[in-house]
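The primary structure of each chain is shown beneath.
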Amino acid sequence: MARTCIITGGAGFIGCSVGAELARQFDQVIAIDSLHPQVHQQPVRPASLHEKVKLVIADITLAETWQALVQHTRPDVVVHLVAETGTGQSLTEGSRHASVNVVGTTRMLDAFAGSGRLPERIVLTSSRAVYGEGAWRDNRTGEIVYPGQRSRAQLERGEWDFPGLTCLPFAAVSTEPRPTSIYGATKLAQEHIVRTWASSFGIDVAILRLQNVYGPGQSLSNPYTGIVSLFASLARANQSIPIYEDGQIIRDFVFIDDVAAALCRVACKGTPSINPYDVGSGQATSILQLGTLIAHLYGAPPPHVNGAFRNGDVRHASCDISPTRTGLDWKPMWSLEDGLRALCDWIDVQQTLARR
Ligand SMILES: NC(=O)c1ccc[n+]([C@@H]2O[C@H](COP(=O)([O-])OP(=O)(O)OC[C@H]3O[C@@H](n4cnc5c(N)ncnc54)[C@H](O)[C@@H]3O)[C@@H](O)[C@H]2O)c1
């Protein structure tokens, strides 16, 4: 029997990357994507979308999108990537995030349930944003505490860290999700919705909580996402990269090919675990380190720490990938240095093409 995979958001950054491998594994791959103008400068099929992937340009929040799809297709596997992703933007455009991330997901599930055309597996890309600030250890008592969101007053005073506490890497098995942004809250809602629905219908689910994904193919025009490409653009223009807070904001930067490999693993083989998988490089990197590496790659002036801050930014975000390494028999293959070089080479090519 021919096997079909649907990728929602299949024309996006992660979608194009994972689509190429899924096109090798499935007989039919259908990407559903609205080609959102914030992500796509032009409403055209991305050149990097694998030729075997059929692109359906449609909005996942509309019931008719799904009714049309399930009339002709019973998906075996759904890789659900569509999301409004801007963390800061979600504070002022929360309804957009709720509509796409929450209602878009329930529309899809309603259509599967209503038509009886149920997939055997759903893969959901969740986010590190579900953890918020995550768990920290009290330096005096050793107790694990959840300090929650940093207040605006605290940030205005330049108190970046939580005094007396040391941050711990996120781990799905032990860190309670406590989102500090509307984006994070909608991603957590997506997790609950997909898991509850799938368990009622006996459908396999895999949830991957992604850290900061970067690499060739990421949007260079979306101002709300992609700190790595933003830094690269500044350094490429020989500007000093401005670094927020005191430069010690921590992130885990994971290369796109490593994320695509993890996604393909669960899309093709499934997973016995009910826990989400943390997908990152496993390496904690400060924003200052990132800026310095990128400036060095371009021979740009060194970055400068400017003490500015962004509402809703978490201070520390890195993760323990050991359960994912074992559970998925997967490991990240790209170092940050090699990944950044690949991204910068790709940006150079894009800029040259754009000038023609
Ligand atoms: N990129 C990261 O660093 C990162 C980190 C954590 C989690 N994630 C998650 O991974 C997933 C994919 O992220 P990405 O970086 O590829 O994002 P992206 O913005 O590049 O891709 C999303 C795609 O969804 C499409 N889309 C948006 N709204 C739509 C709608 N209403 N109907 C149909 N299509 C719509 C866009 O056109 C775009 O092509 C998201 O669920 C995101 O939450 C990404």
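Model, not experiment: these values are computed from the prediction.

Colleague: Help me understand the site of the ligand, please; the structure alone is not making it clear to me.
Modeller: In the vicinity of the ligand there are 28 residues, among which Asp33, His40, Leu81, Tyr183 and Lys187 approach most closely. One of the backbone nitrogen or oxygen atoms of Ile14 is found 2.9 Å away from an oxygen atom of the ligand. With the chains in place, 92% of the 820 Å² that the ligand exposes on its own is no longer accessible. Counting residues per element, the ones that place at least two in the shell around the ligand are helix H1 (13–25), strand E5 (121–127), helix H6 (182–201) and strand E10 (212–214). Sort the elements by how many residues they give to the shell around the ligand and E5 lands first, with three residues. Taken together, the residues that form the shell around the ligand break down as 14 nonpolar, eleven polar and three charged.

Colleague: Is there a simple way to explain empty space enclosed by the protein in this structure?
Modeller: A water-sized probe, rolled over the atoms, reveals where empty space remains. Overall, the coordinates contain one cavity of 30 Å³ or more when judged by the stated rule. One number sums up the size of the largest cavity: a volume of about 40 Å³. If you trace the largest cavity, you find it lined by Tyr131, Gly132, Glu133, Gly134, Tyr146, Pro147, Gly148, Arg178 and Thr180. Of the residues contributing to the lining of the largest cavity, the split by class is three nonpolar, four polar and two charged.

Colleague: When you look at the sheet that holds strand E8 (residues 165–167) in this model, what are you seeing that I'm missing?
Modeller: Pairing between the strands of a sheet is mediated by backbone hydrogen bonds and can be parallel or antiparallel. Sheet architecture is open: three strands sit in the order E7-E6-E8, paired in antiparallel fashion. Since the sheet does not close on itself, it has two edges, and those belong to strand E7 (144–145) and E8, each with one partner.

Colleague: I'm lost on the pattern of salt bridges in this one. Help?
Modeller: Between side chains of opposite charge, a pair can form when the charged atoms approach closely. What the rule picks out here adds up to 19 salt bridges. Residue Arg3 pairs with Asp76 through a salt bridge whose shortest N-O separation is 3.7 Å. Of this pair, Arg3 sits in the segment before strand E1 (4–8) while Asp76 is found in the loop between helix H2 (63–72) and strand E4 (77–80), placing the two residues 73 residues apart along the sequence. Arg3 gets classed as partly exposed once you look at its relative accessible area, which sits at 29%. For Arg3, the salt bridge is made with Glu120, and the minimal N-O distance between the two is 3.1 Å. Here Arg3, found in the segment before E1, pairs with Glu120, found in the loop between helix H4 (94–115) and E5; they are 117 residues apart in sequence, far enough to count as distant. Three or more residues joined by partner-sharing salt bridges are found here, namely Glu133, Arg150, Asp161, Glu245, Asp246 and Arg315.

Conventions we followed
- Residues numbered from 1 in each chain as written.
- Predicted model: local features only at pLDDT ≥ 70, side-chain atom pairs only at ≥ 80, totals over all residues.
- Heavy atoms only, no water.
- Near = heavy atom within 4 Å.
- Polar contact = N/O pair within 3.5 Å; in protein donor to acceptor, adjacent residues only side chain to side chain.
- Areas by Shrake-Rupley, 256 points an atom, 1.4 Å probe, with all protein chains shown as cover.
- Helix = DSSP H or I, 4+ residues; strand = E, 2+ residues; numbered from the N terminus.
- Nonpolar A, V, L, I, M, F, W, Y, C, P; charged D, E, K, R; others polar.
- 1 Å grid on protein atoms, 1.4 Å probe; cavity = no way out; pocket = protein on both sides within 12 Å on 5 of 7 lines; lining within 4 Å.
- Points joined across faces, edges and corners; volume = space filled by probe spheres on them.
- Pairing = 2+ DSSP bridges.
- Salt bridge = Lys/Arg side-chain N within 4 Å of Asp/Glu carboxyl O.
- Buried < 20%, exposed > 50% of the residue type's maximum accessible area, 1.4 Å probe, protein only.

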